[in-house]
Amino acid sequence: MTTTFPDVTISTERLVLRPFEEEDVTALAEMMNDENITAWTSAPYPYTQADARAWATRDSHAERAEGRGIVFAVTEFLTQRLVGTVHLRNTNWRTRATEVGYVTAPWARGEGYASESVLAVAQWLFREQGFERLELRTAADNTASQQVAQKIGCISEGVLRNAWTVRTQTDDGGWTDTRTDLIVWSLLPEDLDEGDGFDGYDGYESHDTHGGPGAHPGRTVPGQRSDATGHPVGADRK
């Protein structure tokens, strides 16, 4: 049974979702120091260049190599600028279920990039990897993240009471931890089948999975599909 995701790049109409590279370090550090990301995530604060380099060159790649999930750097197709991240994590290979997290750079908000990138990953996950469940957890007051979940067709399943810690800013400019509830959302393959946005991504590109972060891309076949092991099963324009 496959216990790691293939090393891939996913394309949409406006975005390219690819593995992180060392060239992303500066943009990643700048993005992760945004106060909204500090408030709603457990990322270190301040988020240093060393933190960004460790994530871009080592830790994000270990997520895939060790079978925990996969991390995508989300970039604009035209400018190659870093838009955000999409992270599949806590993957259960027996039940074919995983959890998604996402952040968006301050300059890119309001453009629909978060929903476009998360939807593309969900489509790839269900159609190419044979997964059966994608789960999201959003802090009770994080309405922006909840809007992304609703936009891509997620169903709210309930509340985990007092299950998460968020940060709130103090009068002196510092941060303090505050307990909060988590709203649990899910997305299943049939939820996408019933929606209007199922054809949101254009295809994917396989990488040399033995070459690590610096591997050269493999042959690109736009719209090519694969089975759960990453092997092509035909062509389908998405």
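Placed above this text is the structure.
Please read these numbers as outputs of a predicted model, since none were measured by experiment.

K.L.:
Please give an account of helix α4 (residues 113-127) that cites residues and values.
P.N.:
With 15 residues, α4 ought to run about 21 Å at 1.5 Å a step, and its terminal C-alpha atoms sit 21 Å apart, in line with that. Extensive coverage of α4 is indicated by the burial of 15 of its 15 residues.

K.L.:
How would you sum up the pairing of strand β4 (residues 82-92)? Please name residues and give values.
P.N.:
Working note: regular strand, side chains alternate between the two faces of the sheet. The buried fraction of β4 amounts to 8 of the 11 residues, a majority that puts the element mostly inside the structure. Across 6 bridges, strand β3 (residues 70-76) lies against β4 in antiparallel orientation. Residue pairing in the sheet places Ile70 in a bridge with Leu88 of β4. Linking two consecutive strands that pair antiparallel, namely β3 and β4, is a turn of 5 residues; a positive phi of about 65° is found at Gln80 within it. Of the pairings in the sheet, the one linking β4 to strand β5 (residues 97-104) comprises 7 bridges and is antiparallel in character. Considered in β5, the bridge of His87 is made with Gly101. Where β4 folds back on β5, the antiparallel hairpin that results is connected by 4 residues, among which Arg96 adopts a positive phi of roughly 55°.

K.L.:
So, unusual backbone geometry: which residues are in play, and what are the values?
P.N.:
The omega angle of the peptide bond from Tyr45 to Pro46 is -5°, so this bond is cis rather than trans. Backbone geometry at Arg96 places phi at a positive 55°, although glycine is not the residue there. Following the sequence through the fold, Arg96 ends up in the loop between β4 and β5. Looking at Arg96, the relative accessible area reads 13%, which means it is buried.

K.L.:
I'd like a rundown of a negative patch on the surface, residues and numbers included.
P.N.:
Judged by side-chain charge, Glu132, Glu190, Asp193 and Glu194 come together as a negatively charged surface patch. When you line up the elements, Glu190 lands in helix α6 (residues 189-193). Accessibility expressed as a relative area gives 39% for Glu190, which makes it partly exposed.

K.L.:
Give me the side chain of Glu76: which residues, what numbers.
P.N.:
Position of Glu76 among the secondary structure elements: in strand β3. Look at Glu76: it is buried, it has no salt bridge, and the nearest opposite charge is Arg81 at 5.9 Å. When neighbours within four sequence positions are excluded, Glu76 is seen to be in contact with Arg14, Leu15, Arg81, Val83, Trp107 and Tyr113.

K.L.:
Before we move on, can you summarise the nonpolar core with the specific residues and values?
P.N.:
Grouped together as the largest cluster of nonpolar side chains are 37 residues, with contacts concentrated most on Ile10, Leu88 and Trp124. Sort the elements by how many residues they give to this core and α4 lands first, with 10 residues. Non-local contacts of Leu88, meaning those with residues more than four positions away in its chain, are made with Phe5, Glu63, Arg68, Gly69, Ile70, Thr98, Glu99, Val100, Val121, Trp124, Leu125 and Leu134. Within the second largest apolar cluster, 16 residues are counted, among which are Leu28, Met31, Ala56 and Val71.

K.L.:
Let's hear about the pattern of salt bridges: which residues, and what values?
P.N.:
Enumeration over the complete set of coordinates arrives at 11 salt bridges. For Arg53, the salt bridge is made with Glu22, and the minimal N-O distance between the two is 3.7 Å. Of this pair, Arg53 sits in helix α3 (residues 49-65) while Glu22 is found in the loop between β2 (15-18) and α1 (25-32), placing the two residues 31 residues apart along the sequence. Since its relative accessible area comes to 37%, Arg53 is described here as partly exposed. Taking the relative accessible area as the measure of exposure, Glu22 reaches 48% and is therefore partly exposed. Across the salt bridge formed by Arg68 and Glu66, the nearest N and O atoms sit 2.2 Å from each other. Residue Arg68 is classed as partly exposed on the basis of its relative accessible area, which comes to 35%.

K.L.:
Can you explain α1? Please cite residues and give values.
P.N.:
Within α1, the full set of buried residues consists of Val25, Leu28, Ala29, Met31 and Met32. Seen end-on, α1 carries its buried residues on one side only, within an arc spanning 165°. Taken together, the buried residues of α1 touch α2 (35-40), α3, β4 and β5.

K.L.:
Describe the packing of aromatic side chains, with residues and values.
P.N.:
Under the criterion given, the structure shown has 6 aromatic pairs. For the pair Phe5 and Trp124, a centre-to-centre distance of 5.6 Å together with 45° between the ring planes defines the contact as tilted. Of this pair, Phe5 sits in the segment before β1 (8-12) while Trp124 is found in helix α4, placing the two residues 119 residues apart along the sequence. The two residues Phe5 and Trp124 agree in class, both being buried. Of the aromatic side chains, those joined through ring pairs into one cluster are Phe5, Phe72, Trp93, Trp124 and Phe131. Positioned above the aromatic ring of Trp107 is the side chain of Arg81, whose terminal nitrogen or guanidinium carbon lies 3.9 Å from the ring centre.

How each quantity is defined
Residues numbered from 1 in each chain as written. Predicted model: local features only at pLDDT ≥ 70, side-chain atom pairs only at ≥ 80, totals over all residues. Heavy atoms only, no water. Helix = DSSP H or I, 4+ residues; strand = E, 2+ residues; numbered from the N terminus. Expected span 1.5 Å × (residues − 1). Buried < 20%, exposed > 50% of the residue type's maximum accessible area, 1.4 Å probe, protein only. Pairing = 2+ DSSP bridges. Patch = residues over 30% accessible without salt bridge, like charges linked within 9 Å, V, L, I, M, F, W, Y side chains within 5 Å. Areas by Shrake-Rupley, 256 points an atom, 1.4 Å probe, with all protein chains shown as cover. Salt bridge = Lys/Arg side-chain N within 4 Å of Asp/Glu carboxyl O. Lys, Arg positive; Asp, Glu negative; His and termini not counted. Charge placed at Lys NZ, Arg CZ, Asp CG, Glu CD. Contact = heavy atoms within 4.5 Å. Core = buried A, V, L, I, M, F, W, Y, C linked by side-chain atoms within 4.5 Å. Arc of directions from axis to C-beta. Phe/Tyr/Trp six-rings, centres within 6.5 Å; stacked < 30°, edge-to-face > 60°. Lys NZ or Arg CZ within 6 Å of the ring centre and 35° of its normal.

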